[in-house]
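What follows is the residue order along each chain.
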Amino acid sequence: VNREGMLSMKPTKFFLTSAFVLACAFLATAAGAQDPVLTLSREIVGLDENGYFIPGTTSLEVIVTLDVESGDPGTLTAVGLEETWAAGWTFDSAPTGSDCRPDVRPAANAEGPFPFAYIAVPDFPCTFNYFVNVPEAPTLPIVVSGQLNYRTDGDPILPDPTENEEVIQLEPTVVSFT
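Residues numbered from 1 in each chain as written. Predicted model: local features only at pLDDT ≥ 70, side-chain atom pairs only at ≥ 80, totals over all residues. Heavy atoms only, no water.

A. A look at the nonpolar core. One finds Trp-85, Tyr-130 and Ile-168 to be the most contacted residues of the largest nonpolar core, which totals 30 residues. Only strand S1 (37–45), strand S2 (59–70), strand S3 (76–84), strand S5 (114–118), strand S6 (126–133) and strand S7 (142–152) provide two or more residues apiece to this core. Apart from residues no more than four positions distant in its own chain, Tyr-130 is found in contact with Leu-60, Glu-61, Val-62, Val-64, Glu-83, Trp-85, Phe-91, Ser-93, Ala-94, Pro-95, Phe-114 and Phe-116. (Core = buried A, V, L, I, M, F, W, Y, C linked by side-chain atoms within 4.5 Å. Buried < 20%, exposed > 50% of the residue type's maximum accessible area, 1.4 Å probe, protein only. Helix = DSSP H or I, 4+ residues; strand = E, 2+ residues; numbered from the N terminus. Contact = heavy atoms within 4.5 Å.)

Here it is in structure tokens:
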């Protein structure tokens, strides 16, 4: 500190300190752009209050939410999802009105797996819904699963490390004897 109370530094020391600070800032910025980890959650509407299938149901609504668990979503260049339902369960529709409705969707009455994809990466969290047709005499239980896939900066598609599954089943029958 000089007489005026100012920090004084020799030019060489100032230059080296500035270069070090700039290098650290550059490395922190480069390291900060981590690939994102996306998550998938699914809610099935049309089951009873305990989550069991209601006999006679002809259609179920599926509400899907995609979100970023960690990393930088700005590096995403593609996002897709493939939903798998049991044989006989068919895709009905994905209603309009959602800002997050996938650009690519299955055709009406298509059997699974159901592919969904975005031409432009959506903002997160992203929620959309679709409907499935229930077979006339469904064999239960069934497992519904979804595989989230995404691409970053031209890198290969990175599958979500965990596959999301739901089980649809009839409520267990309880028999009691007295």
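B. Structural context of the sheet that holds S2. The four strands are arranged S1-S2-S6-S4 in an open sheet whose pairing can be described as antiparallel. Edge strands, defined here as strands with exactly one partner in the open sheet, are S1 and strand S4 (90–93). In this sheet, adjacent strand axes meet at a mean angle of 35° when their direction is disregarded. Of the strand pairs in this sheet, S2 and S6 are connected by eight bridges, and their pairing is antiparallel. In the strand pairing of S6, Leu-66 is matched with Cys-126. (Pairing = 2+ DSSP bridges. Axes fitted to C-alpha atoms, helices over the stretch in contact; angles between N-to-C directions.)

C. Structural context of the side chain of Asn-133. Relative to the elements of secondary structure, Asn-133 occurs in strand S6. A polar atom in the side chain of Asn-133 sits 3.4 Å from the side chain of Asn-109. Sequence-distant contacts of Asn-133, defined by excluding residues within four places in its chain, comprise Thr-58, Gly-88, Trp-89, Thr-90, Phe-91, Asp-92 and Asn-109. (Polar contact = N/O pair within 3.5 Å; in protein donor to acceptor, adjacent residues only side chain to side chain.)

D. Main features of the packing of aromatic side chains. Scanning the entire structure with this criterion turns up nine aromatic pairs. An angle of 50° between the planes, with centres 5.3 Å apart, marks the rings of Phe-116 and Phe-128 as tilted. A residue pair is termed long-range when its members are at least 10 positions apart, and Phe-116 in strand S5 and Phe-128 in strand S6 qualify at twelve residues. Like Phe-116, the residue Phe-128 is buried in the burial classification. Put simply, the rings of Phe-91, Phe-114, Phe-116, Phe-128 and Tyr-130 pair up and form one aromatic cluster. (Phe/Tyr/Trp six-rings, centres within 6.5 Å; stacked < 30°, edge-to-face > 60°.)

E. Up close: the environment of Cys-126. Here Cys-126 lies in strand S6. By relative accessible area, which is 1% here, Cys-126 ends up buried. With 28 residues separating them along the chain, Cys-126 and Ser-98 place their C-alpha atoms 9.2 Å apart. With sequence-adjacent residues up to four places away left out, Cys-126 is seen in contact with Val-64, Thr-65, Leu-66, Cys-100 and Tyr-118.

F. Region of the structure containing the state of the cysteines. Applying the stated criterion across every chain yields a total of one disulfide. Across the disulfide from Cys-100 sits Cys-126; the S-S distance is 1.2 Å. Placement of Cys-100 in the loop between S4 and S5 and of Cys-126 in strand S6 is noted, with a sequence separation of 26 residues between them. (Disulfide = S-S within 2.5 Å.)

The values reported here are purely geometric and, on their own, carry no functional implication.
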